[in-house]
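Below, each chain spelled out in residue letters.
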Amino acid sequence: MLSYNKITVLSISICNKTFRNTLALQQAKEVYKHSFLFPDRNFSIHRSMSGSAKKARTENMTVKKIGTHNGTFHCDEVLACFFLRQLPEYKNAEIVRTRDPAQLAECDIVVDVGGVFDPKTHRYDHHQRTFSENYHSLFPEKPWVTKLSSAGLVYLHFGRRVLSQLTQLKEDDRQLEVLYDKLYENFVEEVDAVDNGISQCEGEARYSVSTTLSSRVGYLNPRWNSKSQDTEEGFKKALALVGEEFLDRLDFYKSSWLPARAVVEEAVRQRKKVDPSGEVLMFSQGGCPWKEHLFALEKELQVETPIKFILYPDQNGHWRIQCVPAGLNTFQNRLSLLEEWRGIRDEALSELSGIKECIFVHAGGFIGGNKTQEGALEMARRTLQAAAQCTAAANGKS
(Lines give C-alpha, C1' and ligand atoms only; values in the text may rest on other atoms or scores of the structure.)
Protein backbone atom coordinates (compact mmCIF):
# COMPACT_ATOMS: atom_id res chain seq x y z
CA MET A 1 0.00 0.00 0.00
CA LEU A 2 1.33 3.41 -0.94
CA SER A 3 1.91 5.90 1.85
CA TYR A 4 0.30 9.35 1.72
CA ASN A 5 3.73 10.82 0.90
CA LYS A 6 4.20 8.48 -2.08
CA ILE A 7 0.69 9.11 -3.32
CA THR A 8 1.27 12.83 -3.09
CA VAL A 9 4.58 12.64 -5.00
CA LEU A 10 3.06 10.39 -7.67
CA SER A 11 -0.01 12.59 -8.06
CA ILE A 12 2.02 15.77 -8.41
CA SER A 13 4.23 14.04 -10.96
CA ILE A 14 1.14 13.24 -13.01
CA CYS A 15 -0.09 16.79 -12.56
CA ASN A 16 3.20 18.10 -13.99
CA LYS A 17 2.36 16.33 -17.24
CA THR A 18 -1.33 17.24 -17.23
CA PHE A 19 -1.32 20.91 -16.27
CA ARG A 20 0.72 23.17 -18.52
CA ASN A 21 0.71 26.35 -16.51
CA THR A 22 2.17 27.22 -13.13
CA LEU A 23 -1.15 28.29 -11.59
CA ALA A 24 -2.84 24.97 -12.33
CA LEU A 25 0.15 23.06 -10.94
CA GLN A 26 0.08 25.10 -7.76
CA GLN A 27 -3.66 24.46 -7.36
CA ALA A 28 -3.11 20.73 -7.73
CA LYS A 29 -0.39 20.78 -5.08
CA GLU A 30 -2.70 22.63 -2.70
CA VAL A 31 -5.46 20.07 -3.19
CA TYR A 32 -3.14 17.14 -2.44
CA LYS A 33 -1.51 18.94 0.45
CA HIS A 34 -4.88 19.27 2.17
CA SER A 35 -5.83 15.71 1.31
CA PHE A 36 -2.67 14.63 3.15
CA LEU A 37 -3.36 16.83 6.16
CA PHE A 38 -6.96 15.68 6.44
CA PRO A 39 -7.03 12.14 4.94
CA ASP A 40 -10.35 11.32 6.63
CA ARG A 41 -12.10 14.60 5.86
CA ASN A 42 -13.18 15.97 2.51
CA PHE A 43 -12.64 19.73 2.54
CA SER A 44 -12.85 20.13 -1.27
CA ILE A 45 -13.80 23.69 -2.17
CA HIS A 46 -14.94 24.83 -5.62
CA ARG A 47 -12.78 27.47 -7.33
CA SER A 48 -11.76 28.52 -10.82
CA MET A 49 -9.73 25.73 -12.42
CA SER A 50 -8.23 24.86 -15.79
CA GLY A 51 -10.39 23.20 -18.45
CA SER A 52 -8.94 19.73 -17.89
CA ALA A 53 -9.50 19.97 -14.12
CA LYS A 54 -13.13 21.06 -14.65
CA LYS A 55 -13.67 18.13 -16.98
CA ALA A 56 -12.35 15.72 -14.35
CA ARG A 57 -14.70 17.25 -11.79
CA THR A 58 -17.79 16.95 -13.98
CA GLU A 59 -17.15 13.32 -14.95
CA ASN A 60 -18.64 12.17 -11.65
CA MET A 61 -22.17 13.54 -11.73
CA THR A 62 -23.19 11.83 -8.48
CA VAL A 63 -21.21 14.20 -6.24
CA LYS A 64 -23.62 16.52 -4.43
CA LYS A 65 -23.00 20.24 -4.23
CA ILE A 66 -23.44 22.60 -1.29
CA GLY A 67 -23.75 26.19 -2.46
CA THR A 68 -22.78 29.25 -0.44
CA HIS A 69 -21.45 32.71 -1.25
CA ASN A 70 -17.86 33.50 -2.18
CA GLY A 71 -15.75 36.39 -0.87
CA THR A 72 -15.61 37.21 2.82
CA PHE A 73 -16.91 34.26 4.83
CA HIS A 74 -18.69 34.27 8.17
CA CYS A 75 -19.20 31.77 10.94
CA ASP A 76 -22.83 31.02 10.10
CA GLU A 77 -22.36 29.61 6.59
CA VAL A 78 -19.15 27.83 7.62
CA LEU A 79 -21.00 26.11 10.47
CA ALA A 80 -23.94 25.34 8.18
CA CYS A 81 -21.58 23.65 5.72
CA PHE A 82 -19.97 21.67 8.54
CA PHE A 83 -23.36 20.43 9.73
CA LEU A 84 -24.30 19.28 6.24
CA ARG A 85 -20.98 17.47 5.80
CA GLN A 86 -21.87 15.25 8.78
CA LEU A 87 -24.83 13.75 6.90
CA PRO A 88 -24.33 10.71 4.65
CA GLU A 89 -25.77 12.38 1.57
CA TYR A 90 -23.43 15.39 1.88
CA LYS A 91 -20.38 13.70 3.40
CA ASN A 92 -18.34 14.04 0.20
CA ALA A 93 -20.19 17.04 -1.18
CA GLU A 94 -18.35 19.78 -3.03
CA ILE A 95 -18.75 23.23 -1.55
CA VAL A 96 -19.45 25.69 -4.37
CA ARG A 97 -18.66 29.23 -3.28
CA THR A 98 -20.28 31.67 -5.69
CA ARG A 99 -23.00 34.28 -6.10
CA ASP A 100 -23.74 33.26 -9.66
CA PRO A 101 -27.45 32.26 -9.78
CA ALA A 102 -26.78 29.78 -12.58
CA GLN A 103 -24.17 27.92 -10.53
CA LEU A 104 -26.30 28.05 -7.38
CA ALA A 105 -29.22 26.57 -9.32
CA GLU A 106 -27.12 23.50 -10.00
CA CYS A 107 -26.46 22.95 -6.27
CA ASP A 108 -28.38 20.35 -4.29
CA ILE A 109 -28.60 22.67 -1.28
CA VAL A 110 -27.78 26.37 -0.86
CA VAL A 111 -27.01 28.22 2.39
CA ASP A 112 -26.60 31.91 3.20
CA VAL A 113 -27.03 33.13 -0.36
CA GLY A 114 -29.67 33.27 -3.08
CA GLY A 115 -32.39 35.24 -1.31
CA VAL A 116 -34.67 32.25 -0.76
CA PHE A 117 -35.79 30.30 2.28
CA ASP A 118 -37.59 27.17 1.12
CA PRO A 119 -36.88 23.87 2.91
CA LYS A 120 -38.71 21.94 0.16
CA THR A 121 -36.06 22.96 -2.36
CA HIS A 122 -33.25 23.08 0.22
CA ARG A 123 -32.68 26.84 0.06
CA TYR A 124 -31.62 28.36 3.38
CA ASP A 125 -30.88 32.07 3.09
CA HIS A 126 -31.83 34.63 5.73
CA HIS A 127 -30.82 37.93 4.10
CA GLN A 128 -34.03 38.66 2.23
CA ARG A 129 -36.12 41.54 3.54
CA THR A 130 -39.13 39.31 4.14
CA PHE A 131 -37.24 36.90 6.38
CA SER A 132 -37.79 37.21 10.13
CA GLU A 133 -37.96 33.59 11.27
CA ASN A 134 -36.72 32.26 14.58
CA TYR A 135 -37.01 28.89 16.27
CA HIS A 136 -40.23 29.80 18.06
CA SER A 137 -41.92 31.05 14.90
CA LEU A 138 -41.11 27.86 13.00
CA PHE A 139 -41.51 25.47 15.95
CA PRO A 140 -43.71 27.07 18.64
CA GLU A 141 -42.73 24.41 21.19
CA LYS A 142 -39.19 25.86 21.25
CA PRO A 143 -38.62 29.08 23.24
CA TRP A 144 -35.85 30.86 21.31
CA VAL A 145 -36.73 34.07 19.48
CA THR A 146 -33.32 35.04 18.09
CA LYS A 147 -33.50 35.59 14.33
CA LEU A 148 -32.01 32.62 12.53
CA SER A 149 -28.90 32.75 10.35
CA SER A 150 -27.99 30.02 7.86
CA ALA A 151 -26.40 28.08 10.74
CA GLY A 152 -29.61 28.11 12.74
CA LEU A 153 -31.73 27.26 9.71
CA VAL A 154 -29.63 24.23 8.83
CA TYR A 155 -29.47 23.16 12.48
CA LEU A 156 -33.24 23.51 12.83
CA HIS A 157 -33.94 21.31 9.81
CA PHE A 158 -31.01 18.87 10.04
CA GLY A 159 -29.67 19.15 13.59
CA ARG A 160 -31.28 16.02 15.01
CA ARG A 161 -29.93 13.95 12.14
CA VAL A 162 -26.49 15.52 12.57
CA LEU A 163 -26.44 14.69 16.28
CA SER A 164 -27.73 11.19 15.60
CA GLN A 165 -24.88 10.60 13.16
CA LEU A 166 -22.28 11.92 15.60
CA THR A 167 -23.57 10.29 18.80
CA GLN A 168 -25.26 7.11 17.49
CA LEU A 169 -28.34 8.07 19.50
CA LYS A 170 -31.67 7.59 17.74
CA GLU A 171 -33.50 10.71 16.60
CA ASP A 172 -36.46 9.98 18.87
CA ASP A 173 -34.22 9.39 21.91
CA ARG A 174 -35.06 11.82 24.73
CA GLN A 175 -31.35 12.31 25.43
CA LEU A 176 -30.76 13.41 21.85
CA GLU A 177 -33.53 16.00 22.14
CA VAL A 178 -31.92 17.35 25.31
CA LEU A 179 -28.57 17.61 23.49
CA TYR A 180 -30.29 19.21 20.50
CA ASP A 181 -31.77 21.97 22.66
CA LYS A 182 -28.59 22.47 24.67
CA LEU A 183 -26.35 22.85 21.63
CA TYR A 184 -28.66 25.37 20.04
CA GLU A 185 -28.94 27.43 23.19
CA ASN A 186 -25.24 27.24 24.04
CA PHE A 187 -23.57 27.14 20.63
CA VAL A 188 -25.63 27.82 17.52
CA GLU A 189 -27.83 30.64 18.86
CA GLU A 190 -24.76 32.76 19.52
CA VAL A 191 -23.72 32.40 15.89
CA ASP A 192 -27.24 33.35 14.76
CA ALA A 193 -27.25 36.45 16.94
CA VAL A 194 -23.78 37.65 15.93
CA ASP A 195 -24.46 37.21 12.22
CA ASN A 196 -27.74 39.11 12.51
CA GLY A 197 -26.22 41.90 14.60
CA ILE A 198 -28.26 41.19 17.73
CA SER A 199 -26.71 42.45 20.96
CA GLN A 200 -26.72 40.37 24.13
CA CYS A 201 -28.14 43.23 26.19
CA GLU A 202 -29.45 46.75 25.94
CA GLY A 203 -27.04 49.69 26.08
CA GLU A 204 -23.30 49.87 25.56
CA ALA A 205 -21.25 46.88 26.66
CA ARG A 206 -18.76 47.46 29.48
CA TYR A 207 -16.01 45.60 27.64
CA SER A 208 -15.32 43.97 24.31
CA VAL A 209 -15.29 40.21 23.72
CA SER A 210 -13.07 39.45 20.72
CA THR A 211 -12.50 35.71 21.08
CA THR A 212 -15.91 34.32 20.16
CA LEU A 213 -16.10 31.61 17.52
CA SER A 214 -17.55 34.12 15.06
CA SER A 215 -14.63 36.48 15.72
CA ARG A 216 -12.03 33.76 15.23
CA VAL A 217 -13.63 32.72 11.96
CA GLY A 218 -13.59 36.34 10.84
CA TYR A 219 -9.87 36.63 11.53
CA LEU A 220 -9.21 33.87 8.99
CA ASN A 221 -10.32 36.14 6.13
CA PRO A 222 -7.55 37.97 4.25
CA ARG A 223 -6.52 41.26 5.82
CA TRP A 224 -7.64 44.33 3.94
CA ASN A 225 -4.09 45.13 2.83
CA SER A 226 -2.93 41.58 2.05
CA LYS A 227 -1.54 41.09 -1.45
CA SER A 228 -3.76 38.06 -1.94
CA GLN A 229 -7.48 38.40 -1.31
CA ASP A 230 -8.12 34.70 -1.99
CA THR A 231 -10.54 33.45 0.70
CA GLU A 232 -10.48 29.75 -0.18
CA GLU A 233 -7.69 28.66 2.16
CA GLY A 234 -9.18 30.68 4.99
CA PHE A 235 -12.56 29.05 4.39
CA LYS A 236 -11.00 25.59 4.68
CA LYS A 237 -9.35 26.56 7.95
CA ALA A 238 -12.62 28.01 9.23
CA LEU A 239 -14.44 24.79 8.34
CA ALA A 240 -11.91 22.81 10.39
CA LEU A 241 -12.08 25.33 13.25
CA VAL A 242 -15.87 25.35 13.68
CA GLY A 243 -16.02 21.60 13.21
CA GLU A 244 -13.44 20.90 15.89
CA GLU A 245 -15.11 23.29 18.32
CA PHE A 246 -18.60 21.91 17.75
CA LEU A 247 -17.42 18.32 18.14
CA ASP A 248 -15.56 19.21 21.32
CA ARG A 249 -18.66 20.87 22.76
CA LEU A 250 -20.85 17.94 21.73
CA ASP A 251 -18.43 15.53 23.39
CA PHE A 252 -18.56 17.53 26.62
CA TYR A 253 -22.34 17.65 26.70
CA LYS A 254 -22.71 13.97 25.85
CA SER A 255 -19.98 12.54 28.09
CA SER A 256 -20.13 14.93 31.07
CA TRP A 257 -23.13 17.27 31.07
CA LEU A 258 -25.74 14.66 30.14
CA PRO A 259 -24.59 12.10 32.76
CA ALA A 260 -24.75 14.84 35.40
CA ARG A 261 -28.32 15.58 34.37
CA ALA A 262 -29.17 11.88 34.80
CA VAL A 263 -27.70 11.91 38.33
CA VAL A 264 -29.71 15.00 39.28
CA GLU A 265 -32.90 13.63 37.74
CA GLU A 266 -32.60 10.40 39.71
CA ALA A 267 -32.01 12.37 42.92
CA VAL A 268 -35.07 14.52 42.25
CA ARG A 269 -37.23 11.44 41.70
CA GLN A 270 -35.92 9.82 44.90
CA ARG A 271 -35.98 12.95 47.07
CA LYS A 272 -38.91 11.94 49.28
CA LYS A 273 -37.01 8.81 50.32
CA VAL A 274 -34.38 11.15 51.76
CA ASP A 275 -36.88 13.34 53.59
CA PRO A 276 -40.71 13.30 53.40
CA SER A 277 -40.74 17.05 52.72
CA GLY A 278 -39.19 16.45 49.30
CA GLU A 279 -37.05 19.53 49.86
CA VAL A 280 -33.71 17.74 50.26
CA LEU A 281 -31.67 16.03 47.54
CA MET A 282 -28.86 13.60 48.26
CA PHE A 283 -25.99 12.67 45.92
CA SER A 284 -23.90 9.60 46.68
CA GLN A 285 -20.89 11.25 45.02
CA GLY A 286 -19.63 14.80 45.28
CA GLY A 287 -18.50 17.02 42.44
CA CYS A 288 -21.55 16.61 40.22
CA PRO A 289 -22.60 19.96 38.70
CA TRP A 290 -26.26 20.20 39.68
CA LYS A 291 -27.59 23.76 39.68
CA GLU A 292 -28.48 24.18 36.01
CA HIS A 293 -30.00 20.69 35.84
CA LEU A 294 -32.00 21.14 39.02
CA PHE A 295 -33.76 24.30 37.82
CA ALA A 296 -34.57 22.71 34.46
CA LEU A 297 -35.77 19.44 35.94
CA GLU A 298 -37.98 21.11 38.54
CA LYS A 299 -39.92 22.66 35.65
CA GLU A 300 -39.84 19.54 33.49
CA LEU A 301 -40.93 17.20 36.30
CA GLN A 302 -43.38 19.77 37.70
CA VAL A 303 -41.90 19.79 41.21
CA GLU A 304 -44.44 21.69 43.30
CA THR A 305 -42.37 22.42 46.44
CA PRO A 306 -38.99 23.96 45.52
CA ILE A 307 -35.97 21.96 46.67
CA LYS A 308 -33.97 23.76 49.37
CA PHE A 309 -30.86 21.69 50.17
CA ILE A 310 -28.32 19.42 48.48
CA LEU A 311 -26.36 16.82 50.48
CA TYR A 312 -23.19 15.19 49.14
CA PRO A 313 -19.91 13.70 50.41
CA ASP A 314 -16.71 15.72 50.19
CA GLN A 315 -13.17 14.54 49.40
CA ASN A 316 -12.50 13.74 53.06
CA GLY A 317 -15.47 11.42 53.38
CA HIS A 318 -17.43 13.99 55.35
CA TRP A 319 -20.79 15.42 54.26
CA ARG A 320 -21.73 18.84 52.98
CA ILE A 321 -25.10 20.58 53.02
CA GLN A 322 -25.47 23.27 50.36
CA CYS A 323 -28.37 25.65 49.93
CA VAL A 324 -30.14 25.86 46.58
CA PRO A 325 -29.88 29.43 45.25
CA ALA A 326 -32.96 31.38 44.19
CA GLY A 327 -31.66 31.35 40.60
CA LEU A 328 -28.63 30.49 38.49
CA ASN A 329 -27.13 33.98 38.66
CA THR A 330 -27.82 35.03 42.23
CA PHE A 331 -26.18 34.54 45.61
CA GLN A 332 -29.55 34.61 47.39
CA ASN A 333 -30.76 31.25 48.67
CA ARG A 334 -34.21 29.78 48.68
CA LEU A 335 -33.54 29.03 52.35
CA SER A 336 -30.26 29.71 54.17
CA LEU A 337 -28.95 27.71 57.10
CA LEU A 338 -29.97 29.07 60.50
CA GLU A 339 -28.52 32.46 61.27
CA GLU A 340 -27.36 31.51 64.76
CA TRP A 341 -25.20 28.72 63.29
CA ARG A 342 -23.33 30.91 60.82
CA GLY A 343 -19.62 31.32 61.39
CA ILE A 344 -19.58 28.69 64.19
CA ARG A 345 -17.44 25.53 63.98
CA ASP A 346 -16.87 22.08 65.42
CA GLU A 347 -17.83 21.37 69.03
CA ALA A 348 -19.23 24.85 69.54
CA LEU A 349 -21.58 24.33 66.59
CA SER A 350 -22.60 20.86 67.75
CA GLU A 351 -23.36 22.18 71.24
CA LEU A 352 -25.32 25.14 69.89
CA SER A 353 -27.36 23.13 67.37
CA GLY A 354 -27.73 19.94 69.35
CA ILE A 355 -26.49 17.99 66.30
CA LYS A 356 -23.49 15.69 66.72
CA GLU A 357 -20.34 15.79 64.57
CA CYS A 358 -20.85 19.29 63.12
CA ILE A 359 -17.88 20.76 61.27
CA PHE A 360 -18.93 24.28 60.21
CA VAL A 361 -21.53 26.61 58.80
CA HIS A 362 -20.25 29.34 56.50
CA ALA A 363 -20.75 32.91 57.66
CA GLY A 364 -22.88 33.47 54.56
CA GLY A 365 -25.20 30.63 55.52
CA PHE A 366 -25.07 28.97 52.09
CA ILE A 367 -23.06 25.86 53.00
CA GLY A 368 -22.19 23.73 56.01
CA GLY A 369 -20.54 20.46 56.94
CA ASN A 370 -20.96 17.45 59.18
CA LYS A 371 -18.86 14.33 59.63
CA THR A 372 -21.84 12.07 58.90
CA GLN A 373 -24.65 11.83 56.38
CA GLU A 374 -27.18 11.69 59.21
CA GLY A 375 -25.77 14.84 60.77
CA ALA A 376 -25.92 16.80 57.50
CA LEU A 377 -29.50 15.65 56.95
CA GLU A 378 -30.43 16.72 60.47
CA MET A 379 -29.00 20.20 59.77
CA ALA A 380 -31.34 20.44 56.78
CA ARG A 381 -34.34 19.20 58.76
CA ARG A 382 -33.75 21.61 61.64
CA THR A 383 -33.55 24.51 59.21
CA LEU A 384 -36.76 23.44 57.45
CA GLN A 385 -38.54 23.08 60.79
CA ALA A 386 -37.44 26.54 61.91
CA ALA A 387 -38.62 28.06 58.62
CA ALA A 388 -42.00 26.32 58.95
CA GLN A 389 -42.39 27.66 62.51
CA CYS A 390 -41.58 31.19 61.35
CA THR A 391 -44.13 30.93 58.55
CA ALA A 392 -46.79 29.60 60.92
CA ALA A 393 -46.09 32.37 63.39
CA ALA A 394 -46.30 34.99 60.67
CA ASN A 395 -49.61 33.58 59.42
CA GLY A 396 -50.96 33.54 62.97
CA LYS A 397 -50.21 37.23 63.40
CA SER A 398 -51.90 38.10 60.14
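Residues numbered from 1 in each chain as written. Predicted model: local features only at pLDDT ≥ 70, side-chain atom pairs only at ≥ 80, totals over all residues. Heavy atoms only, no water.

Comments concerning the layout of surface pockets
Right, so step 1: Within this model, the second largest pocket holds a volume of roughly 700 Å³.
Right, so step 2: At six residues, helix α8 (residues 174-195) tops the list of elements feeding residues into the lining of the second largest pocket. (1 Å grid on protein atoms, 1.4 Å probe; cavity = no way out; pocket = protein on both sides within 12 Å on 5 of 7 lines; lining within 4 Å. Points joined across faces, edges and corners; volume = space filled by probe spheres on them. Helix = DSSP H or I, 4+ residues; strand = E, 2+ residues; numbered from the N terminus.)

Section: helix α4 (residues 75-85)
Right, so step 1: With respect to burial, α4 is a largely interior element, eleven of its eleven residues being buried.
Right, so step 2: Turning to α4, its buried residues are C75, D76, E77, V78, L79, A80, C81, F82, F83, L84 and R85. (Buried < 20%, exposed > 50% of the residue type's maximum accessible area, 1.4 Å probe, protein only.)

Digging into unusual backbone geometry
Right, so step 1: Non-glycine residue H122 carries a positive phi angle of around 60°.
Right, so step 2: By the element assignment, H122 lies in the loop between β4 (117-118) and β5 (123-124).
Right, so step 3: For H122, a relative accessible area of 26% gives the class partly exposed.
Right, so step 4: Even without glycine at this site, Q302 takes up a positive phi of about 55°.
Right, so step 5: As for its placement among the helices and strands, Q302 is situated in the loop between α12 (291-300) and β7 (309-313).

Notes on the pattern of salt bridges
Right, so step 1: The final tally for this structure, using the stated rule, is 20 salt bridges.
Right, so step 2: Between D275 and R381 there is a salt bridge whose closest N-O contact spans 2.6 Å. Of this pair, D275 sits in the loop between α11 (271-274) and β6 (280-282) while R381 sits in helix α14 (residues 373-397); the two residues are 106 residues apart in sequence, bridging distant segments of the chain.
Right, so step 3: Bridged by salt links that share partners, the residues R174, R261, E265, R269 and E300 form one connected network. (Salt bridge = Lys/Arg side-chain N within 4 Å of Asp/Glu carboxyl O.)

Considerations on the environment of L297
Right, so step 1: Tracing the chain through its elements places L297 in helix α12.
Right, so step 2: Taking the relative accessible area as the measure of exposure, L297 reaches 0% and is therefore buried.
Right, so step 3: With 28 residues separating them in the primary sequence, L297 and R269 have C-alpha atoms 10.0 Å apart.
Right, so step 4: Excluding residues within four positions of it along the chain, L297 makes contact with R261, V264, E265 and Q302. (Contact = heavy atoms within 4.5 Å.)

What to know about the packing of aromatic side chains
Right, so step 1: For the structure shown, the criterion picks out 17 aromatic pairs.
Right, so step 2: Here F82 and F83 contribute two aromatic rings whose centre-to-centre distance is 6.2 Å and whose plane-to-plane angle is 55°, an arrangement assigned as tilted. For the pair shown, F82 and F83 are each scored as buried.
Right, so step 3: Measuring from ring centre to ring centre gives 6.3 Å for Y155 and Y184, while their planes differ by 25°; the resulting arrangement is stacked. Here the residue Y155 occupies a position in helix α7 (residues 150-167), and Y184 occupies one in helix α8, the gap between them amounting to 29 residues. In terms of burial, Y155 and Y184 fall into one category: buried.
Right, so step 4: Following the ring pairs from residue to residue traces out a cluster consisting of F82, F83, Y135, W144, Y155, Y180, Y184, F187 and F246.
Right, so step 5: Taking NZ or CZ as reference, R160 lies 4.1 Å from the ring centre of Y180, over its face. (Phe/Tyr/Trp six-rings, centres within 6.5 Å; stacked < 30°, edge-to-face > 60°. Lys NZ or Arg CZ within 6 Å of the ring centre and 35° of its normal.)

Read these as geometric descriptors, not functional statements.
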